[in-house]
Amino acid sequence: MTESRGAPCLRGRVAVVPPHVPFVDQIAARWLDQAGHDPRECGTGLILLPSRRAARALTEAFMRQVDGRPLLLPRIAPIAALDEASLALSGQNALDLPPAVDPVRRLATLSLLVMQAGKAFGDVQGVDQAWPLARALADLMDEAEWAECDLRTRLPHAAEGDFAQHWHQTLRFLSIVTSVWPSWLEEQGVMNPVARQTALLHAQAARWEREPPAPGTPIWAVGFADAVPSTIAMLRAVLSVPDGLLVLPGVDTTCAQAVWEHLPPDHPQAGTARMLAELGIARDGMEQWDSLPPGSTATSPAARAGLLARALLPAHALEQWRAPDAPVAADGLSVLRSADQQEEAAAIAMVLRQVLEQPGRRAALVTPDRALAGRVATELVRWGVIADDSAGESLLTIPQTAFLRLIVQAVDGGLSPVALLSVIKHPLAACGLSPGNCRASARQLERLVLRGPAPPPGIAGLRRALARAADDPHGALADAPDAPEEINAFLNRLEAAFGPLLALPVSTPVPVPTLLAALIEVAQDLATTGSADGAERLWAGEEGNALGQHMSAMLAWCDVLPDARLGTLDGLLASSLAGMTVQGRRAVRGRAGAVHPRVFIWGLLEARLQTADTIVLGGLVETVWPPATDPGPWMSRPMRTRVGLPAPEWVIGQAAHDFVSCACAAPRVVLSVAGRRQGAPTVPARWLVRLDAYLAGHGHGLPAHPALRWLEGLDRPAGVPMPVAPPRPRPAVGLRPRSLSVTEIETWMRDPYAIYARRILKLNRLADLEELADAADYGQIVHAALDRWFRAHPADWPADGAVRMQAVFADVLREAGLRPALAAWWAPRLERIATWCARTEQARRATGAPCTVLTEQGGTMRLDDLPGGAFTLRGRADRIDLHGDGALSLFDYKTGTLPARRSVIEGWQSQLVLEAAMIESGGFPPPVAGRVAELVYWRLTGGHVPAQVLDVARGTELSDLIAHCRQGLHDLVAAYDSPEQPYLSHPWPGEEPRFADYAHLARVAEWSAAREETAG
């Protein structure tokens, strides 16, 4: 059965299960056969498998084979979880192995070494930057120990020759680690986890070779497609015992020997070829277990494995593509080419859902992309299906981790509005209240304090902002049925809860355990409700328990790290949790119910040796499946080769083997690839490209799965799609406003719906969170400065007017309390505006100074004779000049866009004309009375051209314009006094409003597109 190549004599057998035969069912059936189907004899022996998931699958296969009858199972042990209990190790050396070092303790100590290395790795400022390097270093040591590579002897020669200087510097640090780290391990009485695992494997292998089990005790090793040296030793020991058996999955026995002996590391069979060579096993001496086990059906057409093997031949064997007997049957294979990740997830969910229509059929998604797995699980909830996602969930993405990180970010940011709301609106936040009341209180705090300009930092800043805040008369209604707490009492709760972190210095480093302990205390206080302790809520469930264990380890072992600032804590949490998962079923947030028994989501490790009726291979793009080949930060590829570490391409080979195995694990397999990922175009997986090219060369191709067509019709309404109509509210005339400002008249004409929403529905736009000073603030400063100047100088003009006016502008800017950077940006612009205004005023006075200049004058105009009753127009003029002949000049200051004269004449921007009509109707208090002689706009920007002037009209033209504007206002009010007149949204496509605050409420984006298509 075996071919010896210098290895110890192997007495056991080697068998191969072809890809189209269900592997674990075959193993269970053969084990029952060799035990004579005796339920008691079946419990004698041991079966070794590569993973826990494979062990569980084999247990289920036994249950299927005996159809639920009582059975004593053999010991089923995953080799990756070997310990003394599972294999009953004996021997003083094996039992005296030191315990494995705690993973967090190891990373904390390595982080300290990285930080002590100075500039060896660039400017490593804190523990949050050192931790990822420490993890990479731990991975390097684990990889070397799995490969049984002695870094101590090989590292000094890794960078000999023409290597960059930084590699020599890195190796100097690594040489220190290879000497200091073993000493530290010995001093602490612990071992590296992988070193201990390999020692256990070698000890068990030595025991079996020295004291083999009694004859009649079968020991099988099944499901191995690749192996590290310690596993090779175990497999060799299995084959050396009297009843040892090695069963391999899907060995390609058709590959030519010359090709087989030179397979590149990224080939699907490269790992198996290397393992067989190490064991001294020839392919022609292996048994073929190709008969289907009782009650089972083929997992795939027998020809599919040959098709994939031919398509994925290495480059030096591609001439075999033209062989006359080349397999081209792709029965059961289809491809799903979606546009992006979301479409891919939705289509995959429909594929899985469609399988459930067939009684008893099982469907699975296999992907290494955890983001895609989460999207598909969420899409399945749409159909009421909760999938069994056995690959676990990253500890970085669970709600508890997000809660902890948001707390750190909020405190580090001085409790800024966005960061604070992210914490107190989190589902875990309660602050001693019920979660609903806590969120209601958070919304009240948001409305009163956090919207608009950002308050000063800290709780004290929130209190100062609250003192300036207006009342919130609609808060209770807005938060119903929850009840917000009195705002000051809620701030007291926040101050008490955040106290442990707020008490820490922001810029002074403190011990890392102190930071972590304060964070945990704050999180537990914030999570406490009126009826439940915060610790119970925060650390509950599998996810909370896993995070709690990690935080406990961090508290216990991070005392070796140097002191750190509060700002590094978020990065430390993220880096320490990177790559960690919580095993078990991944729950879909907000969805309760039982997991569906026939839908699965598997990672690559979980999918090995599994079968289903339909399998979707998702995320088939380069850098996802297969993963990117990264040699890591410590050594380049040539250096890894010199040291004796495996090439990064071996990871590609394992991923390729998983791809082929999964593609043969179901009668129907869907190969899914998204065209874009995170907004960027993707490159399809090399295996899919190879398969397409191979089939195309033979005039064939993979059929497209119809899921995308299903998806197109999923949300499409029945019949011809009808565009939504614009809103046409017609409130009762008695509810319609009887008084508006001159600025609202323009809004009324361009967007009547905005007047309806603001004045009738009483809906006001909420200010943005952390709203920065913008053009409106700039305009207020300009208006305030000019008002202050002309109030001080209503008629006279000082000789040094330009200098003094610049000083006034500077004073107003300083009093505005803007951010220093913004004030510095605006200061020269305001200076240019002051200079231009002074020169312009001097020029005006050269032709006759006004008797007096009045600023910020308010007035009204009453319109009678209207169907709905009297209407009052309100307005405030920026500047009115009174001349000696009784004429008046009316000015309006603009810091934004200057209105077009046509818009003013046609009435679209009638603010200044309406103010003139108010003056001539006697609507302003004395001494403002008489005839308006000119209307002037000043656009004051302070840019390269500091200002522009628009002289609208004079003389008869101005008189006609004022009369026409007054009549137009009368007609507008009269039209809306009709109950049939609707308040339309954006009724004039050519005259859109400047500020569309209510466009989202009126659904403008939905119906305007249909209007544009109709117009086109």
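On a predicted model such as this, the values are computed, not experimentally measured, just so you know.

Visitor: So what about the overall build of the protein chain? Which residues, and what values?
Guide: Within the protein chain one finds 39 helices and 22 strands. In terms of C-alpha radius of gyration, the protein chain reaches 39 Å, well past the compact-globule figure of 31 Å for 1016 residues. If you line up the protein chain on its principal axes, its C-alpha atoms span 125 × 70 × 65 Å. Burial statistics for the protein chain: of 1016 residues in total, 50% are counted as buried. Taking the intrachain contacts of the protein chain between residues at least 6 apart in sequence as the baseline, contacts between residues at least 24 apart amount to 78%. Accessible surface, the protein chain as shown: approximately 44,700 Å² in total, 54% of it carbon and sulfur. Charged side chains of the protein chain number 95 positive and 111 negative; the gap between the two group centres comes to 2 Å.

Visitor: Any chance you could break down the sheet that holds strand β9 (residues 388-389) for me, citing the residues and the numbers?
Guide: What the six strands build is an open sheet, ordered β7-β14-β13-β8-β12-β9; its pairing is parallel. The open sheet terminates on both sides in strands that have one partner only, identified here as β7 (333-338) and β9. Where β9 lies against strand β12 (residues 599-602), two bridges are found, and the strand directions are parallel. Bridge pairing links D389 to I601 in β12. Packed onto the sheet, helix α15 (residues 370-381) meets β8 (363-366), β9 and β12 and runs at close to 165° relative to β12.

Visitor: Let's hear about the nonpolar core: which residues, and what values?
Guide: In terms of nonpolar packing, the biggest core is built from 97 residues, with F403, I407, L445 and F498 touching the most fellow members. For this core, the leading source of residues is helix α6 (residues 127-146), giving 11 residues. L48, F224, L333 and L695 belong to the second largest nonpolar core, which has 79 residues in total.

Visitor: Explain the environment of L516 residue by residue, including any values.
Guide: Within the fold, L516 resides in helix α22 (residues 512-527). A sequence separation of 53 residues divides L516 from L569, and the C-alpha atoms of the two residues are 7.9 Å apart. Not counting residues within four places of it along the chain, the set of residues in contact with L516 comprises M551, M554, L555, L569 and L573.

Visitor: Go over a negative patch on the surface, please, and point to the residues and values.
Guide: Side chains of E521, D525, D533 and E536 sit close together on the surface and give a patch of like negative charge. Mapped onto the fold, D533 is located in the loop between α22 and α23 (534-538).

Visitor: An account of the sheet that holds strand β6 (residues 287-288) is requested, with residue identities and associated values reported.
Guide: Judged by pairing direction, the sheet is parallel, and its six strands sit side by side in the order β3-β2-β4-β5-β1-β6 without closing on themselves. On the outer flanks of this sheet lie β3 (75-78) and β6, each paired with one strand and no other. The pairing of strand β1 (residues 13-17) with β6 spans two bridges and is parallel. The partner of A15 across the bridge, within β6, is E287. Contacts from helix α1 (residues 23-34) reach β1, β2 (46-49), β4 (219-222) and β5 (244-249), with the element oriented near 170° to β4.

Visitor: Summarise unusual backbone geometry; cite the residues concerned and give the values.
Guide: In this structure, P626 follows W625 across a cis peptide bond, with omega equal to 15°. Residue position: P626 is located in the loop between β13 (614-617) and α27 (637-643). Cis geometry is adopted by the peptide bond preceding P927, which originates at P926 and carries an omega value of 10°. By the element assignment, P927 lies in the loop between α37 (911-920) and β21 (931-940). Even without glycine at this site, K762 takes up a positive phi of about 60°. Assignment of secondary structure puts K762 in the loop between α32 (752-760) and α33 (775-792).

Visitor: I'd like to hear about the packing of aromatic side chains, residue by residue, with values.
Guide: According to the stated counting rule, one finds 18 aromatic pairs in the structure shown. The interplanar angle of 15° and the centroid separation of 4.8 Å between the aromatic rings of W181 and W184 together place this pair among those described as stacked. Of the two residues, W181 and W184 both sit in helix α8 (residues 165-188), three residues apart, roughly one turn of that helix. Take W181: its relative accessible area is 2%, and that puts it in the buried class. Among the residues examined, W184 registers a relative accessible area of 17% and is labelled buried. On the numbers, 5.1 Å between centres and 50° between planes, the contact of W748 with Y976 is tilted. Within this pair, whereas W748 is found in helix α31 (residues 742-750), its partner Y976 is found in helix α38 (residues 955-976), the two being separated by 228 residues in sequence.

Visitor: Could you give an account of the packing of α31 against α32, naming the residues involved and the relevant values?
Guide: Orientation of α31 relative to α32, taken along the N-to-C sense of each, is 120°, at an axis distance of 5 Å. In terms of axis orientation, α31 runs oblique to α32. When α31 is examined against α32, the residues E744, T747, W748, M749 and R750 are found in contact with a partner set consisting of P752, A754, I755, R758 and R759. Here the contact of α31 with α32 is built from residues that sort into five nonpolar, one polar and four charged.

Visitor: Please set out a nonpolar patch on the surface residue by residue, giving values where relevant.
Guide: There is a patch of nonpolar side chains on the surface, built from L761, L763 and L1001 and spanning about 220 Å² of accessible area. Looking at the secondary structure, you find L1001 in the loop between α38 and α39 (1004-1015). For L1001, a relative accessible area of 36% corresponds to the partly exposed category.

Visitor: Which residues make up helix α17 (residues 417-424), and what values go with them?
Guide: Within α17, six of the eight residues are buried, which leaves it mostly tucked inside the rest of the structure. By the burial criterion, the buried members of α17 are P417, A419, L420, L421, V423 and I424. Contacts from the buried residues of α17 go to α16 (399-412), α18 (435-450), α19 (458-468), α21 (487-502) and α22.

Reading guide: rules and limits
- Residues numbered from 1 in each chain as written.
- Predicted model: local features only at pLDDT ≥ 70, side-chain atom pairs only at ≥ 80, totals over all residues.
- Heavy atoms only, no water.
- Helix = DSSP H or I, 4+ residues; strand = E, 2+ residues; numbered from the N terminus.
- Rg over C-alpha atoms; globule rule 2.2 N^0.38 Å.
- Buried < 20%, exposed > 50% of the residue type's maximum accessible area, 1.4 Å probe, protein only.
- Contact = heavy atoms within 4.5 Å.
- Areas by Shrake-Rupley, 256 points an atom, 1.4 Å probe, with all protein chains shown as cover.
- Lys, Arg positive; Asp, Glu negative; His and termini not counted.
- Charge placed at Lys NZ, Arg CZ, Asp CG, Glu CD.
- Pairing = 2+ DSSP bridges.
- Axes fitted to C-alpha atoms, helices over the stretch in contact; angles between N-to-C directions.
- Core = buried A, V, L, I, M, F, W, Y, C linked by side-chain atoms within 4.5 Å.
- Patch = residues over 30% accessible without salt bridge, like charges linked within 9 Å, V, L, I, M, F, W, Y side chains within 5 Å.
- Salt bridge = Lys/Arg side-chain N within 4 Å of Asp/Glu carboxyl O.
- Phe/Tyr/Trp six-rings, centres within 6.5 Å; stacked < 30°, edge-to-face > 60°.
- Parallel < 35°, antiparallel > 145°, perpendicular 65-115°, else oblique.
- Nonpolar A, V, L, I, M, F, W, Y, C, P; charged D, E, K, R; others polar.

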